[in-house]
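# Architecture at a glance
Below are the chains, spelled out letter by letter.
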Amino acid sequence: MTEYKLLIGGQLVDGDMTMDVINPATGEPFCTVPRASTAQADAAIAAAKAAVPGWSALPWADRQAKLIELADAIAARKDEIARALTMEQGKPLAEALGELAWTDGYLRHYATLELLERIIQDDETGYIAVKHRPLGVVVGIIAWNFPLLVACWKIGPAVLAGNAIVLKPAPTTPVCALILGEICRDVFPAGVVNIITDANDLGAHLTAHPDVAKVGFTGSTATGKRIAASGADTLKRVTLELGGNDPAIVLEDVDVRETAQAIFGNAFLNNGQVCLAIKRAYVHADIYDAMCGELARLAEAAVVDDGLQQGTQIGPIQNAMQFEKVKGFLESARAEGTVVAGGDVMERAGYFIRPTIVRDVTDGDRIVDEEQFGPILPLIKFDNVEDVIARANASEYGLGGSVWSKDVGRAAEIASRIESGQVWVNQHIAIGPHIPMAGFKNSGLGVEQSVEGLAEYTQTQVVNIKR
Ligand code: NAD
């Protein structure tokens with residue numbers, strides 16, 4: 001059995017405790033991993049603090065080169081990591097390999113980014129320059145839906161900007177992060193990247209620690225608010241990528257078959273456990289029945305199985321707690337609307353729920369108003385565009401939203417009125433390392449990705465010289 005270790009100060013070390021990792025396809029433990037104590041969390045922060053002066057003094061190009069080295073080293077262990085990702089997270093192997101490909105693309109793109117010094121004035125009276133300085137120690141805390149990709153979303157920009165990082169994965173998906181730790185040990189100088197695990201008990205300690213300058217967080221809105229509060233005393237910088245309840249507005253002129261396929265893919269990717277998944281679809285009355293029928297057909301045809309089985313399209317829900325939560329949403333869906341596909345828990349071991357399509361629901365129903373973060377898509381009928389824009393915007397969230405139509409100009413106009421960090425036309429979850437990613441309202445604070453995201457891992461400094 002593989003032995004996993006924490007990465008603290010350039011050393012691969014045992015945890016002061018251990019914990020089992022459950023394979024969601026069986027509901028049984030498949031490996032045991034180290035679990036860090038509070039003292040080990042402190043040691044990781046101290047190691048990061050000690051690494052900052054040397055690391056931040058390196059030329060920018062040297063740090064860029066390290067990200068390429070990291071991408072190469074991950075690629076060299078691609079198949080092993082993909083398998084571990086499927087076993088701990090549940091996603092089909094093809095999606096796990098997709099997550100590796102995304103990770104590779106993001107790291108290689110970060111390695112091209114620069115934060116150029118901006119000269120505001122340079123004349124006989126003075127010189128003013130705007131610089132970006134590293135912050136120091138960054139803590140990265142992430143959720144369980146993309147354990148490798150999102151870990152690298154934190155590590156990449158944090159270290160490129162000259163910071164050192166302590167990364168903590170979600171308690172139910174520590175394995176890929178620990179493999180990443182082994183890789184980082186051989187790529188980075190000691191202390192630049194530290195990776196520790198917990199059983200949901202170290203987050204508050206890390207995010208309140210006085211030596212931590214910034215927290216990059218991906219997870220739920222409730223935890224994001226706690227992190228903002230716990231960092232208030234020391235005025236930590238925070239970037240919060242939180243929950244969403246993304247609407248898709250489907251106009252009457254679409255090709256139903258083609259659009260249903262795209263909507264299905266963007267609602268059920270990673271079993272619906274995607275912050276930017278379509279979580280409610282508003283469908284024009286003229287095509288409502290046809291769209292419900294087509295989506296139900298796709299849901300019934302989807303192969304739901306262990307992600308390691310060839311041909312699996314949808315795996316299990318990632319963990320027991322989320323499984324219970326989604327079961328609660330299934331009950332709401334049955335009570336509030338008409339379930340036309342799925343709607344049941346599969347009679348087998350593991351956390352399997354069939355992809356579920358529910359129609360005849362509306363705003364005010366729990367399955368429409370709340371973030372289900374699982375394989376249930378509610379379809380809501382509309383016949384008035386002004387009204388549907390207001391309904392799409394009547395949410396505490398504002399992460400993404402999309403409009404679907406053959407008339408791209410009309411769709412773009414409607415999309416521009418959706419209150420969310422990203423709005424799309426005839427696509428959804430269209431993200432990339434060169435594209436800023438942000439959330440309105442309770443969906444987040446700050447920006448990730450692109451130069452804008454990178455700048456959030458720095459502090460602005462003005463050098464102003466009188467001549
Ligand atoms: P969660 O907030 O419960 O946990 C996320 C992480 O925070 C875990 O590592 C957890 O151990 C840690 N944590 C828990 N309590 C903490 C505390 N008090 N202080 C600091 N850290 C703490 O979220 P989850 O249930 O694992 O993930 C699902 C949620 O994440 C969904 O709402 C989803 O929309 C959101 N999410 C958002 C994005 C995005 O980019 N916007 C991406 C993925 C998931």
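See above for the structure.
### Here we look at the overall build of the protein chain
Counting its secondary structure elements, the protein chain contains 15 helices and 24 strands. Against the compact-globule benchmark of 23 Å for 467 residues, the protein chain has a radius of gyration of 23 Å, which places it among compact chains. Dimensions of the protein chain, computed from the C-alpha atoms along their principal axes, are close to 70 × 65 × 40 Å. In the protein chain, 72% of the contacts between residues at least 6 apart in sequence involve partners at least 24 apart.

### Considerations on empty space enclosed by the protein
All told, the structure shown has four cavities of 30 Å³ or more when counted by the stated rule. Quantified by volume, the largest cavity comes out at close to 50 Å³. In terms of lining residues, the largest cavity is bounded by 14 residues, among which Pro247, Arg280, Ala392, Tyr397 and Glu419 are the most central. Listing elements by their share of the lining of the largest cavity, those giving two or more residues are helix H13 (385-393) and strand E17 (397-398). Within the lining of the largest cavity, the residues separate by chemical class into five nonpolar, six polar and three charged.

### Considerations on the site of the ligand
Near the ligand lie 28 residues; those nearest to it are Asn200, Ser220, Thr223, Leu242 and Glu371. Side-chain polar atom of Lys168 to an oxygen atom of the ligand: 2.9 Å apart, as the coordinates give it. Ser220 places a side-chain nitrogen or oxygen 2.6 Å from an oxygen atom of the ligand. Contact with the protein chains covers 88% of the free accessible surface of the ligand, which is 850 Å². Among the elements that make up the shell around the ligand, the one with the highest residue count is helix H8 (residues 221-230) (three residues). Here the shell around the ligand is built from residues that sort into 15 nonpolar, nine polar and four charged.

### Description of the side chain of Asn266
Tracing the backbone through its elements, the reader meets Asn266 in helix H9 (residues 256-268). Within the local environment of Asn266, its side chain forms a polar contact with the backbone oxygen of Ala262, the two atoms lying 2.9 Å apart. In this structure Asn266 touches Ala277, Ile278, Trp404, His428 and Ile429, once residues within four positions along its chain are discounted.

### Digging into the environment of Val52
Here Val52 shows up in helix H1 (residues 38-57). For Val52 and Gly421, which are 369 residues apart along the polypeptide, the C-alpha to C-alpha distance reads 32 Å.

### Remarks on the layout of surface pockets
By volume, the largest pocket is sized at about 1,100 Å³. Ala143, Trp144, Gly219, Ser220 and Thr223 are, among the 45 residues lining the largest pocket, the residues nearest its centre. Broken down by secondary-structure element, the contributors of at least two residues to the lining of the largest pocket are helix H5 (149-160), helix H7 (203-208), strand E10 (214-218), H8 and helix H11 (320-336). Considered class by class, the residues forming the lining of the largest pocket number 25 nonpolar, 14 polar and six charged.

### Remarks on the state of the cysteines
Tallying each qualifying case throughout the model produces zero disulfides. There is no disulfide at Cys176, and the cysteine sulfur nearest it, in Cys152, is 9.9 Å away.

### Regarding the pattern of salt bridges
Scanning the entire structure with this criterion turns up 30 salt bridges. Taking the shortest distance from any N to any O, the salt bridge between Arg108 and Asp104 comes out at 3.0 Å. Here Arg108 and its partner Asp104 are both found in helix H4 (residues 93-110), four residues apart, which amounts to about one turn of the helix. Note that Arg410 and Glu252 form a salt bridge whose closest N and O atoms lie 3.5 Å from each other. Taken as a pair, Arg410 in helix H14 (residues 408-415) and Glu252 in the loop between strand E12 (246-250) and H9 lie far apart in primary sequence, 158 residues in all.

### A few points about the packing of H9 against helix H10 (residues 288-301)
Relative to each other, H9 and H10 sit at 50°, their axes nearing to 9 Å. Considering their axes alone, H9 and H10 lie oblique with respect to each other. For the crossing formed where H9 meets H10, the hand is right-handed. Mapping the contact onto sequence places Val256, Arg257, Thr259, Ala260, Gln261, Ile263 and Phe264 in H9 and Ala290, Met291, Glu294, Leu295, Arg297, Leu298 and Ala299 in H10. Across the contact of H9 with H10, the residue classes tally to nine nonpolar, two polar and three charged.

Parameters at a glance
- Residues numbered from 1 in each chain as written.
- Predicted model: local features only at pLDDT ≥ 70, side-chain atom pairs only at ≥ 80, totals over all residues.
- Heavy atoms only, no water.
- Helix = DSSP H or I, 4+ residues; strand = E, 2+ residues; numbered from the N terminus.
- Rg over C-alpha atoms; globule rule 2.2 N^0.38 Å.
- Contact = heavy atoms within 4.5 Å.
- 1 Å grid on protein atoms, 1.4 Å probe; cavity = no way out; pocket = protein on both sides within 12 Å on 5 of 7 lines; lining within 4 Å.
- Points joined across faces, edges and corners; volume = space filled by probe spheres on them.
- Nonpolar A, V, L, I, M, F, W, Y, C, P; charged D, E, K, R; others polar.
- Near = heavy atom within 4 Å.
- Polar contact = N/O pair within 3.5 Å; in protein donor to acceptor, adjacent residues only side chain to side chain.
- Areas by Shrake-Rupley, 256 points an atom, 1.4 Å probe, with all protein chains shown as cover.
- Disulfide = S-S within 2.5 Å.
- Salt bridge = Lys/Arg side-chain N within 4 Å of Asp/Glu carboxyl O.
- Axes fitted to C-alpha atoms, helices over the stretch in contact; angles between N-to-C directions.
- Parallel < 35°, antiparallel > 145°, perpendicular 65-115°, else oblique.
- Left-handed = near helix turned anticlockwise from the far one by under 90°.

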